[in-house]
Amino acid sequence: MRYLVGRYHEIALKGRNKWRFVDQLKSNLRDVFADFKLGPMRGEGPRLIVELPDEIDEEVAAERAALLFGLQNFSLSRPVARDIEEIKREAVAIARRHRNADSFRVRATRSDKRFALNSMEIDQAVGAAVKDEIGLKVDLENPALVITVEILPDGAYMAAGKLPGAGGLPVGITGHGMALLSGGIDSPVAAHRMMRRGLRLDFVHFHSHPLVSTASREKAAELAEHLTRYQARSTLMLVAFADIQREIVARGPRPLRVILYRRFMVRIAAALARRAGARALVTGESLGQVASQTLENMTVIEEAAALPMLRPLVGMDKNEIVDQARQLGTFETSIQPDQDCCSLFVPPHPETHANLDEVRAAEGALEVETMVAEAVRKVEIVRMKFP
Ligand code: ATP
Ligand code: MG
């Protein structure tokens with residue numbers, strides 16, 4: 001019998017909301033293991049415990065558990081009777097399975113104080129048994145193997161250490177947002193950060209097909225698919241943007257093109273978000289990174305959005321964002337060549353300090369509402385699922 005023992009990261013909004021946090025985590029856990037039949041789940045102090053069926057191999061179980069936002073760390077544990085001889089026997093078995101470790105320590109926690117030995121006494125007794133039986137060296141500071149023992153009311157749960165969890169808050173607990181996913185490096189990192197803060201996301205991508213190839217669409221789909229692992233189900237909305245761009249190019253002033261594209265994007269994204277029940281937009285903007293991301297331009301763009309815009313990367317350097325993209329595993333997809341819709345028909349010196357009155361005057365020449373409604377009407381919806 002094997003259990004996933006997950007330990008909570010920060011508890012959302014603390015206190016009386018703890019049950020919501022735990023319920024959300026339970027439901028997300030069921031989702032991420034949806035292709036297996038999990039046993040019942042229970043909370044035990046700062047832990048969530050669930051029996052794993054035998055068909056899941058360790059690697060898969062660990063990989064899936066590491067996707068769960070809301071866990072600080074977790075173990076794949078086996079329970080034995082609350083008997084020190086049983087505990088020693090299992091500790092020796094764990095050490096035997098980790099032959100390549102050249103040192104170890106035991107780390108016991110006794111949440112059930114009715115157990116006769118305290119945690120230090122357990123550490124010592126079990127440590128001595130492993131040392132005698134296998135001859136493995138004890139290293140309290142820097143052990144290659146940690147044998148964890150958790151004394152709970154129904155047994156001693158034992159594992160080879162703790163694996164790092166994804167941190168953050170369970171997806172869904174803080175609400176539902178719409179991420180603007182470009183196919184570039186930044187936006188998937190931004191989406192991931194907001195999911196980590198508990199936001200369930202839909203994705204929207206604007207493409208200029210048939211003016212350019214379908215490469216950006218395919219990249220956005222691949223990125224959305226990757227991000228879906230953190231929330232089990234996603235909706236990707238693909239918006240055809242070429243007609244709107246043609247209009248802007250025909251009727252708008254050249255230096256304002258990018259600002260106008262962006263204002264249309266956030267209008268359409270907000271309309272789609274509202275329809276889906278999402279309450280905020282998420283972008284990968286970072287202050288000063290490119291011409292459209294000056295404070296003035298971001299302000300003018302945001303003015304067109306009917307929902308708050310969240311920019312989790314606003315204070316990050318590009319190299320920090322790239323590091324995160326590599327860690328997340330989206331970097332290689334993001335750097336595949338494509339042609340972003342916003343680079344089409346863009347002048348060499350776009351406006352960097354847009355003025356809202358000028359932008360509004362330029363939009364006076366456009367059928368803004370009709371153009372937005374038309375794009376929303378023609379949206380293409382792709383549903384994704386993990387596992
Ligand atoms: P990214 O690396 O995410 O593409 P970027 O550095 O290229 O960002 P911009 O092109 O100014 O910066 O885009 C800023 C943000 O606007 C993006 O992070 C994304 O959230 C959104 N965005 C840009 N283009 C698109 C698009 N074609 N579809 C959806 N969202 C987009
Ligand atoms: Mg981009």
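Conventions adopted
Residues numbered from 1 in each chain as written. Chains lettered and ligands numbered in written order. Predicted model: local features only at pLDDT ≥ 70, side-chain atom pairs only at ≥ 80, totals over all residues. Heavy atoms only, no water. Helix = DSSP H or I, 4+ residues; strand = E, 2+ residues; numbered from the N terminus. Buried < 20%, exposed > 50% of the residue type's maximum accessible area, 1.4 Å probe, protein only. Contact = heavy atoms within 4.5 Å. Areas by Shrake-Rupley, 256 points an atom, 1.4 Å probe, with all protein chains shown as cover. Lys, Arg positive; Asp, Glu negative; His and termini not counted. Charge placed at Lys NZ, Arg CZ, Asp CG, Glu CD. Domains from an automatic or database assignment. Buried area = accessible area lost by both parts, 1.4 Å probe. Salt bridge = Lys/Arg side-chain N within 4 Å of Asp/Glu carboxyl O. Polar contact = N/O pair within 3.5 Å; in protein donor to acceptor, adjacent residues only side chain to side chain. Nonpolar A, V, L, I, M, F, W, Y, C, P; charged D, E, K, R; others polar. Near = heavy atom within 4 Å. Pairing = 2+ DSSP bridges. Axes fitted to C-alpha atoms, helices over the stretch in contact; angles between N-to-C directions. Right-handed = clockwise from strand over helix to strand, strands pointing away. Arc of directions from axis to C-beta.

Attention now moves to the overall build of the chain. Scanning the chain from N- to C-terminus turns up 13 helices and 15 strands. In terms of overall dimensions, the chain has a C-alpha envelope of 85 × 35 × 35 Å along the principal axes. Counting every position in the chain, which comprises 387 residues, the buried fraction comes to 52%. Relative to all contacts within the chain whose residues are 6 or more apart in sequence, the contacts with residues 24 or more apart total 80%. A total of about 18000 Å² of accessible surface is found on the chain, and carbon and sulfur atoms cover 50% of it. Both charge centroids of the chain, one from 53 positive and one from 51 negative side chains, sit 4 Å from each other.

Under the domain assignment, the chain is made up of domain 1 (2-164) and domain 2 (175-385). Between domain 1 and domain 2, the C-alpha centre-to-centre distance is 42 Å. Taken over both partners, the interface formed by domain 1 and domain 2 buries close to 660 Å², and the fraction arising from carbon and sulfur atoms is 57%. A per-residue breakdown of the area domain 1 buries against domain 2 is headed by Asp31, Leu67 and Phe69, which together make up 79% of the total. At the boundary of domain 1 and domain 2, one finds 2 salt bridges. The shortest N-O distance in the salt bridge between Arg233 and Asp31 comes to 3.7 Å. Seen at the junction of domain 1 and domain 2, the total is 1 residue pair in polar contact (both at pLDDT 80 or more). Partitioned by chemical class, the residues of the side of domain 1 that touches domain 2 number 3 nonpolar, no polar and 2 charged.

Moving on: the site of ligand 1. Near ligand 1 there are 21 residues, and of these Leu180, Ser182, Asp186, Ser187 and Gln289 occur at the shortest range. Side-chain polar atom of Ser292 to an oxygen atom of ligand 1: 3.1 Å apart, as the coordinates give it. For ligand 1, an oxygen atom lies 2.8 Å from a polar atom in the side chain of Gln293. Against a free-state accessible area of 570 Å², the protein chains account for coverage of 90% of ligand 1. Of all the secondary-structure elements, those providing two or more residues to the shell around ligand 1 are helix 5 (186-196), strand 11 (199-207) and helix 8 (257-276).

Moving on to the sheet that holds strand 15 (residues 380-385). If you walk across this open sheet you meet the 6 strands as 14-13-10-11-12-15, and the pairing is mixed. Pairing within the sheet leaves two strands with one partner each, and these edge strands are strand 14 (309-310) and strand 15. Pairing geometry for strand 10 (residues 175-180) and strand 13 (residues 281-282), over 2 bridges, is parallel. Its bridge partner being in strand 13, Met178 is matched across the sheet by Leu281. Set on the sheet, helix 5 makes contact with strand 10, strand 11, strand 13 and strand 14; between it and strand 11 the angle comes to about 160 degrees.

A regular strand places its side chains so that they alternate between the two faces of the sheet. Across the 8 residues that make up strand 5 (residues 103-110), a large majority, 6, are buried. Pairing analysis gives 2 bridges linking strand 5 to strand 6 (residues 137-138), with the strands arranged parallel. Note on strand 6: the bridge partner recorded for Phe104 is Val138. Viewed along the sheet, the connection from strand 5 through helix 4 (residues 119-134) into strand 6 turns out right-handed. Bridge count for strand 5 against strand 7 (residues 145-152) is 7 bridges, and the pairing is parallel. Of the residues in strand 7, the one forming a bridge with Ala108 is Val149.

Here we come to helix 13 (residues 368-377). Within helix 13, burial applies to Val368, Met371, Val372, Ala375 and Val376. For helix 13, the buried positions fall inside an angular range of 130 degrees around the axis, keeping them on one side. Set apart from the buried face of helix 13 by more than 90 degrees, the exposed residues are Glu369, Thr370 and Arg377. Lining the buried residues of helix 13 we find strand 12 (233-240), helix 7 (242-251), helix 8 and helix 12 (356-363).

The subject of this paragraph is the environment of Arg360. Turning to its location among the elements, Arg360 is positioned in helix 12. Residue classification places Arg360 among the partly exposed residues on the basis of a relative accessible area of 43%. If we skip the residues at most four places from it in the chain, Arg360 touches Arg263 and Glu303.

A few words now on helix 9 (residues 295-303). Along helix 9, the residues that are buried comprise Asn297, Met298, Val300 and Ile301. An end-on view of helix 9 places all buried positions within 165 degrees of arc, on one side of the element. At its buried positions, helix 9 is contacted by helix 8 and helix 12.

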